[in-house]
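Understanding the architecture of this molecule
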Amino acid sequence: MDALGTAFGLVFDPYVLAVILGSAAFGLFVGAIPGLTATMATALLVPVTFFMEPVPAIAAIVTATAMAIFSGDIPGCLLRIPGTPASAAYVDEAHAMTRAGRAEAALGTGLLFSVIGGLMGTVVLVLAAPTLADWALSFSSFEYFWLVVLGLSCAVFISAGSALKGLVSLLIGLLLATVGLNNPAGQPRFTFGSIDLMAGIDFIPAMIGLFAVSEVLRAVAAGAPKADVPKGAVTGVFRGQGAVLKRYRGGALRGGALGTLIGALPGAGADIAAWIAYAVSKKSSREPQRFGTGHPEGIAEAASANNAAVSGAWIPALVFGIPGDSITAIVIGVLYVKGMNPGPTIFIHNPQLIYAVFLTFFLANLALLPLGWVAIKSAKQILRVPPNVLMPVILVFCMVGAFAITNSVFGIAIALALGVLGFLMEENGFPVAPTILGLVLGPMLEQNFITSMIKADGDPLAFFERPIAAGLGVVTLAVWLIPLIVLALRSRSPAREPQPSEPR
Amino acid sequence: MRINDAFLGGAILILGILVVWWSSSFPAIPGQDYGAATFPVAIGWGLIVTAAAMIVTGVRQGVRAGLAIDGWARSPLAWARVGAVIVLVLCYVLFSDRLGFLAASTILLLALMLMLRVPVIPAFVVSLAATLVIHQAFAGFLRVPLPIGSLPLLGL
């Protein structure tokens with residue numbers, strides 16, 4: 001328990017608490033602006049955290065993401081534009097409540113159940129992570145190889161849109177990860193003779209490009225239109241929420257559990273958790289006909305699920321170094337920069353840091369209640385910030401952030417190139433999250449693959465010789481084969497449904 | 001703007017072939033069968049296979065719908081705006097060293113805001129203020145060596 005005491009000292013430090021407050025305000029603001037996502041909040045924060053100690057750096061990211069995922073509900077409710085993709089699942093429901101004059105009830109439900117979901121996810125994280133880490137200590141390169149492949153496969157098959165495009169996105173990320181000298185043979189690859197590229201494509205400018213610059217380009221293409229903010233103040237946010245809580249406590253628990261689980265699956269994050277939780281809530285509700293007409297039940301469950309997913313995603317990230325979503329993909333990069341290499345040994349060597357992360361999660365989710373209330377109160381002011389002023393400022397922020405990592409304009413060039421790439425990919429229905437997962441996990445995958453191949457002397461069966469490796473291998477192969485079999489069966493049946501147009 | 005899967009697949013196919021061809025020449029770890037080439041060659045083959053599948057689905061959708069231009073992509077102005085952002089950032093990459101951060105960032109912000117139809121005076125005030133705040137945050141608090149510039153008047 002000595003480590004726990006140290007952790008308390010690390011977190012309850014005036015500087016760290018100030019960082020938490022600042023990043024909370026930042027996260028609430030970014031989440032509430034349509035078009036700026038929680039991932040983007042993280043991307044913009046990372047260059048700043050680069051200069052901090054590990055604990056405040058992690059605290060800043062944890063707080064900002066928890067806040068941003070909630071505050072994405074605000075424009076969803078008031079304008080019918082989700083502030084972050086995680087709020088998209090119940091945006092119609094929340095807006096229907098606003099039209100019925102119950103905006104405050106919708107936002108209050110969203111806030112309260114976000115806090116509950118976030119806390120549930122945190123409890124599971126605290127309980128599950130150390131146990132899993134204990135078990136993971138015996139893993140060899142074979143297990144890690146399969147874990148990485150499984151994680152990446154989930155990212156391809158769970159991500160929104162077509163699995164084929166997800167796979168292309170992943171392969172592009174893996175390809176970008178091979179650039180430079182950092183490979184088992186120490187050979188320069190794809191450097192085009194450039195000294196800057198010898199060091200590889202740094203992941204911080206890359207993710208600033210993929211998640212922030214691409215959003216700026218999209219907004220600029222659309223001409224940065226203004227949103228119509230409805231008139232009238234939102235009052236009485238917490239009025240009547242006790243009854244809602246009592247009525248839908250079962251749904252909140254189920255949403256929290258589902259969200260944590262989906263968050264912990266690599267590649268699936270808060271947005272997918274919210275969609276699934278909303279659907280489950282509707283299916284098992286006693287009054288499904290009221291869904292879509294301004295009924296809080298689905299909001300309660302889905303708001304709980306998306307915040308739980310934020311915490312759940314940290315389980316595989318901390319234990320195996322495998323991100324649960326694109327936010328934790330960024331976090332893993334930050335952990336490496338801070339010398340806290342994620343993996344089971346961090347629980348042995350640096351338990352105080354792990355406890356500090358847990359404490360921050362509790363603190364951030366508890367602080368969400370009062371700070372979220374402030375955000376709801378000031379929602380109209382936040383939504384009035386004109387995008388045609390905001391987007392250029394964000395672009396400069398991106399550029400300075402990309403520059404700050406290596407103090408070279410090369411970082412800005414990378415951010416721009418990947419920003420254009422991300423923009424074109426999203427325009428054509430390619431999910432971007434697998435690219436960043438590939439970029440972060442590429443070196444780990446290659447290292448474990450080459451080590452395992454050398455150990456096995458090229459015999460693929462060696463990948464199945466150890467029991468856990470075999471289990472993981474079989475699951476991975478199933479993830480690949482089941483969709484293929486389903487596809488084959490479907491194309492054999494004569495009555496083929498017309499090709500649905502892919503969702504944007 | 002949506003390009004037909006068949007065309008995208010074609011582009012990815014070429015990329016895959018180039019990757020396989022180029023990385024085949026990477027040397028192995030001495031004394032081993034595996035090395036620098038193993039992984040990129042596998043990625044290249046992955047790209048080739050997925051590209052082939054995309055071409056098949058694209059052809060099934062009908063190649064006539066080669067390029068679906070919808071939404072913002074119909075407006076030449078939107079294209080110009082996106083192009084302008086890219087050019088402006090490239091100019092910053094090339095010239096910020098000489099102009100210095102304060103001048104380069106103010107010019108970039110002002111140009112973007114005027115392009116997005118922010119009125120001139122607010123655009124100028126916000127550009128200058130945002131530049132000063134970002135400069136203070138990164139050069140002041142975080143000690144990032146933002147370029148000072150080498151032009152005598154602008155090197156504040």
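To keep things clear, this report deals only with the structure shown in the data block. (Residues numbered from 1 in each chain as written. Chains lettered and ligands numbered in written order. Predicted model: local features only at pLDDT ≥ 70, side-chain atom pairs only at ≥ 80, totals over all residues. Heavy atoms only, no water.)

1. Side note on the overall build of chain B
Each helix and strand in chain B was counted, giving 5 helices and 2 strands. When the helices and strands of chain B are listed from N to C terminus, the series reads β-α-α-β-α-α-α. Within chain B, the fraction of its 156 residues that count as buried is 40%. Here the analysis covers contacts within chain B between residues at least 6 apart in sequence; of these, 63% occur between residues at least 24 apart. (Helix = DSSP H or I, 4+ residues; strand = E, 2+ residues; numbered from the N terminus. Buried < 20%, exposed > 50% of the residue type's maximum accessible area, 1.4 Å probe, protein only. Contact = heavy atoms within 4.5 Å.)

2. Remarks on the nonpolar core
Among the nonpolar cores identified, the biggest contains 222 residues, and A:Met207, A:Trp314, A:Leu318 and B:Phe138 are the most heavily contacted of them. The residues touching A:Met207, leaving out its near neighbours within four places in the chain, are A:Ala43, A:Val46, A:Ala212, A:Ile330 and A:Ile436. (Core = buried A, V, L, I, M, F, W, Y, C linked by side-chain atoms within 4.5 Å.)

3. Observations regarding the side chain of A:Thr37
Residues and elements named next belong to chain A. Relative to the helices and strands, Thr37 resides in the loop between helix H2 (14-32) and helix H3 (38-49). Residue classification places Thr37 among the buried residues on the basis of a relative accessible area of 12%. Beyond its immediate chain neighbours, meaning those up to four positions away, Thr37 contacts Val30, Gly83, Thr84 and Pro85.

4. Here we look at the packing of aromatic side chains
On inspection of all chains with the given rule, the structure shows 19 aromatic pairs over all chains. When the ring of A:Phe190 is compared with that of B:Trp22, the centres are 5.2 Å apart and the planes differ by 85°; the resulting orientation is edge-to-face. Within this pair, whereas A:Phe190 is found in the loop between helix H9 (163-177) and helix H10 (195-198), its partner B:Trp22 is found in helix H1 (residues 5-23), the two belonging to separate chains. Note on B:Trp22: relative accessible area 33%, which makes it partly exposed. With 5.6 Å between their ring centres and 75° between their planes, A:Phe397 and B:Phe138 make a pair best called edge-to-face. (Phe/Tyr/Trp six-rings, centres within 6.5 Å; stacked < 30°, edge-to-face > 60°.)

5. So, the packing of helix H11 (residues 203-221) of chain A against helix H21 (residues 387-406) of chain A
All names here are of chain A. Their axes nearest at 10 Å, the elements H11 and H21 cross at an angle of 165°. Classed by the angle they form, the pair H11 and H21 counts as roughly antiparallel. With respect to the hand of their crossing, H11 and H21 are arranged in left-handed fashion. Between H11 and H21, the contacting residues are Ile204, Pro205, Ile208, Ala212, Val213, Val216 and Ala219 on the first element and Met391, Ile394, Leu395, Cys398, Gly401, Ala402 and Ile405 on the second. Residue composition of the contact of H11 with H21, grouped by class: 13 nonpolar, 1 polar and no charged. (Axes fitted to C-alpha atoms, helices over the stretch in contact; angles between N-to-C directions. Parallel < 35°, antiparallel > 145°, perpendicular 65-115°, else oblique. Left-handed = near helix turned anticlockwise from the far one by under 90°. Nonpolar A, V, L, I, M, F, W, Y, C, P; charged D, E, K, R; others polar.)

6. Observations regarding the pattern of salt bridges
Residue and element names in this part refer to chain A. Here the structure, examined in full by the defined rule, presents 9 salt bridges over all chains. The shortest N-O distance in the salt bridge between Glu446 and Arg189 comes to 2.8 Å. Here Arg189 lies in the loop between H9 and H10 and Glu446 lies in helix H23 (residues 433-456), a separation of 257 residues in the sequence. An identical accessibility class is assigned to Glu446 and Arg189; each is buried. Its salt-bridge partner being Arg247, residue Glu287 comes within 2.9 Å of it at the nearest N-O pair. Taken as a pair, Glu287 in the loop between helix H14 (270-284) and helix H15 (296-312) and Arg247 in helix H12 (residues 241-247) lie far apart in primary sequence, 40 residues in all. Linked through salt bridges whose partners overlap, the residues forming this network are Glu215, Arg218 and Glu426. (Salt bridge = Lys/Arg side-chain N within 4 Å of Asp/Glu carboxyl O.)

7. A look at the interface of chain B and chain A
On the side of chain A, 61 residues touch chain B, which itself brings 59 residues to the contact. Put simply, chain B and chain A have 5 residue pairs in polar contact (both at pLDDT 80 or more) between them. If you list the elements that add at least two residues to the side of chain B that touches chain A, you get strand S1 (2-3), H1, helix H2 (38-61), helix H3 (76-99), helix H4 (101-115) and helix H5 (120-141) of chain B. For the side of chain B that touches chain A, the element with the highest residue contribution is H2(B), accounting for 12 residues. Of the residues contributing to the side of chain B that touches chain A, the split by class is 44 nonpolar, 10 polar and 5 charged. (Polar contact = N/O pair within 3.5 Å; in protein donor to acceptor, adjacent residues only side chain to side chain.)

8. Considerations on the environment of A:Ser169
Residues and elements named next belong to chain A. With respect to the helices, strands and loops of the structure, Ser169 is situated in helix H9. Through-space distance from the C-alpha of Ser169 to that of Gly180 is 20 Å; in sequence the pair is 11 residues apart. The residues touching Ser169, leaving out its near neighbours within four places in the chain, are Met425, Pro431, Val432, Pro434 and Thr435.

9. Description of unusual backbone geometry
Residue and element names in this part refer to chain A. Unusually for a residue other than glycine, Arg80 sits at a positive phi of about 65°. The topology assignment puts Arg80 in the loop between helix H5 (73-79) and helix H6 (91-99). According to the relative accessible area criterion, Arg80 is partly exposed, its value standing at 47%. For Phe190, which is not glycine, the phi dihedral falls at a positive 50°.

10. A few points about H11(A)
Residue and element names in this part refer to chain A. With 19 residues, H11 extends 26 Å between its outermost C-alpha atoms, agreeing within 8% with the 27 Å of an ideal straight helix rising 1.5 Å per residue. In H11, a bend of some 35° at Gly209 exceeds every other bend along the element. Most of H11 is tucked away: 19 of the 19 residues are buried. Its side-chain oxygen placed 3.0 Å from the backbone nitrogen of Ile204, Asp202 serves as the N-cap of H11. Within two residues after H11, Gly223 carries a phi angle of roughly 80°, on the positive side. (Expected span 1.5 Å × (residues − 1). Bend = angle between axes of the 7 residues up to and from the residue.)

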